[in-house]
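Tertiary structure, described
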Amino acid sequence: MSSKLPDTNHVSAFLKGIFLLLIIVTMGISGLIALDEGFTRFAAPFVDGQAAEKIVAKVERVRTDPTMENMRQVGNEMAGLSAMSSVDRYANSKLIEQGIHYAKMSTTNQVLMLVHVLLGSFCMLLGGFQFWPAFRKKYMKVHRIFGAIYIVTVPISVVTSLLYLANTAPHYIYAHLVAWIALWIFGALSLVSIFMAIKALRAKRIYEHQGWMALSFGSLMVAPILRWDWALLAAIFPNIDQDTLNLVTMGMMLPQCLLIAYGLVLVNRQYARPMKQRKPHAFAVKSLQIFNQILPALYALSAVALLAQSFYFINGGLAGLSFSAGLSTMRLIHSEQQALAVVGSAKWLLVLGTGLALPLGLFTLKGLLNTTEAISPQTKRMGVLTAVLTLLGGLLSIGIGCQMGLLPHKQLFSGGTMYIIDGGVLVLFALFYLAASYKQQVALMKESLVFMLCTLPFMAIYFLTLYVMQFMPLPADYLAVGQGYVIPVGFSMALFFLAIFYVIFGQATREHN
């Protein structure tokens, strides 16, 4: 079913422009910093036989005398981060020690990182321009040149980074195992995305090509976004030390990067003029058939998710789980326990809202996907009810997260990351669905509903991953800093990848990109 979406709203165009400008500017700055780091920090061992000794001395100096001048000697990236908060913050963190590791690691790893950083900088400098519709339309030849450079440099940059990860133990990476896992996932995803983008381009399915390239670019933004998060969140929440804040940003990374990729798809949609009615990809047709076949199993899984979430709260959260003490810090356990006590019975509205929204959403999605005529009144009502329940659950989740992290001393997300971020995503797409339903924008109703369905079971996925983590032989120093908790938090949004794949193959992209 085609949906006609008039887009004459100048505010919408303005917001799209701001979003693109932010991407181009922030990634451009990150690219310039990466070039500087490549030619200084990462090239230093090849031109200076005493590079390791010098960086050790510089780190000791800035820790003894934490001044901006001494931090600049360590590196311009560290100086830039310090300028946005304080020198003391980074001088006393483990982040500054990464420079020592880079200078002392094997020559093979040094070559891999140098190639990765230098080629990756070109991706950051050029990538944002590829999604600027006006630039692409006016300078198509430049767009193709940039695209060729991107397609050649990105695979090399990503492969060298993955080879480095394969040759490096997680404890040598800042944030240890959490970062190691995340970098593997996003690295592999960026390679797959580029391959699929090239395949779509050869098949002249430009709209799918654009979607895959957006996913590729979003996956490549992991490292620069991580640094922007450090800088911005440190300024907003100065009470959190850098090493804790790093774990916070790791918990936000997955939805953040994938939402940026989704944003790049959205800004390239054209609703003002009629678009060619393209046939769905064979994969999309097959996926719909599979969805219809496994729907009973999905209903059963939604019941399991409701039971898992209920069990978690019946036991009082982490405090009631015998294995949680070995996976998270006591401070975090007590923080959640106090937050759940404050919200009281309201937490059961979170369980009820998300638990009921999941099967109702599946029913609604079936109705939306399998009709070529007008949407039935029943499907409309179920969709609105799903969005309202999702909105309720998302707001309550944010409330719990605020009690854990934001109040009373702005100890941001120290445990509340999952509740706030995942709850915020639910609120965002519930509102998106309600707006699309009001305007009868069927394609966007489907898309936002898929995002809701992929986020609703976040508590169940988190709890089940937490349960599995107790059987993983994690080192004691990993557990001491909360790695056993942060990994399940990251996995709580694992289904978000499915939502992005739907965006690429879905009706809205097919008709309006």
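With that out of the way, let us pick up a nonpolar patch on the surface. Taken together, the side chains of F14, L15, I18, L21, L22, V25, I29 and I33 define a hydrophobic patch exposed on the protein surface, amounting to about 730 Å² of accessible area. Mapping F14 onto the fold places it in helix α1 (residues 10-42).

Turning our attention to the environment of M469. Within the secondary structure, M469 sits in helix α21 (residues 458-469). Classification of M469 as buried rests on a relative accessible area of 8%. Residues M469 and F323, spaced 146 residues apart in sequence, show a C-alpha to C-alpha distance of 9.3 Å. Not counting residues within four places of it along the chain, the set of residues in contact with M469 comprises L327, L474, G484, I487 and P488.

One non-glycine residue, K204, adopts positive backbone phi at about 60°. Take K204: it is sitting in the loop between α11 (176-202) and α12 (206-220). Residue K204 is classed as exposed on the basis of its relative accessible area, which comes to 70%. A positive phi angle, near 60°, is found at Q440, a position not held by glycine. Structurally, the position occupied by Q440 is in the loop between α19 (417-438) and α20 (442-455).

Our next topic: the packing of aromatic side chains. Counted according to the given criterion, the structure contains 27 aromatic pairs. With 6.2 Å between their ring centres and 55° between their planes, F186 and F497 make a pair best called tilted. Separated by 311 residues along the polypeptide, F186 in helix α11 and F497 in helix α24 (residues 496-505) bring together distant segments of the chain. Relative to F471, the ring of Y467 has its centre 5.5 Å away and its plane inclined at 75°; by these criteria the two rings are edge-to-face. Assessed through its relative accessible area of 57%, F471 is described here as exposed. Members of the aromatic cluster, connected to one another through ring pairs, are F311, Y312, F313, W348, Y462, F463 and Y485.

Thresholds, definitions, all that
- Counting restarts for each chain: residues are numbered from 1 in the order of the written sequence.
- In keeping with the predicted nature of the model, local features appear solely for residues at pLDDT of at least 70, side-chain atom pairs appear and are counted solely at 80 or more, and the whole-chain, interface and lining totals rest on all residues.
- Hydrogens and waters are ignored; side-chain quantities use all the structure's heavy atoms.
- Exposure above 30% relative accessible area and the lack of any salt bridge qualify a residue for a patch; like charges then connect within 9 Å, and the nonpolar side chains Val, Leu, Ile, Met, Phe, Trp and Tyr within 5 Å.
- For accessible areas, the Shrake-Rupley method is used with a probe of radius 1.4 Å. Any residue's cover is judged against the shown protein chains and nothing else.
- Salt bridge, as applied in this entry: a Lys or Arg side-chain nitrogen positioned within 4 Å of an Asp or Glu carboxyl oxygen.
- The way it works is that DSSP assigns letters per residue, a run of H or I at least four long becomes a helix, a run of E at least two long becomes a strand, and they are numbered from the N terminus.
- Only protein chains enter the accessibility calculation, which uses a 1.4 Å probe. A residue is then buried if its area is under 20% of the maximum for its type, exposed if over 50%, and partly exposed in between.
- Only heavy atoms matter for contacts: two residues are in contact if any of them lie within 4.5 Å across the pair.
- A pair of aromatic rings is counted whenever rings of Phe, Tyr or Trp (Trp by its six-membered ring) have centres within 6.5 Å, and the orientation is called stacked for planes under 30 degrees apart, edge-to-face for over 60 and tilted otherwise.

The analysis is restricted to geometry; functional conclusions fall outside its scope.
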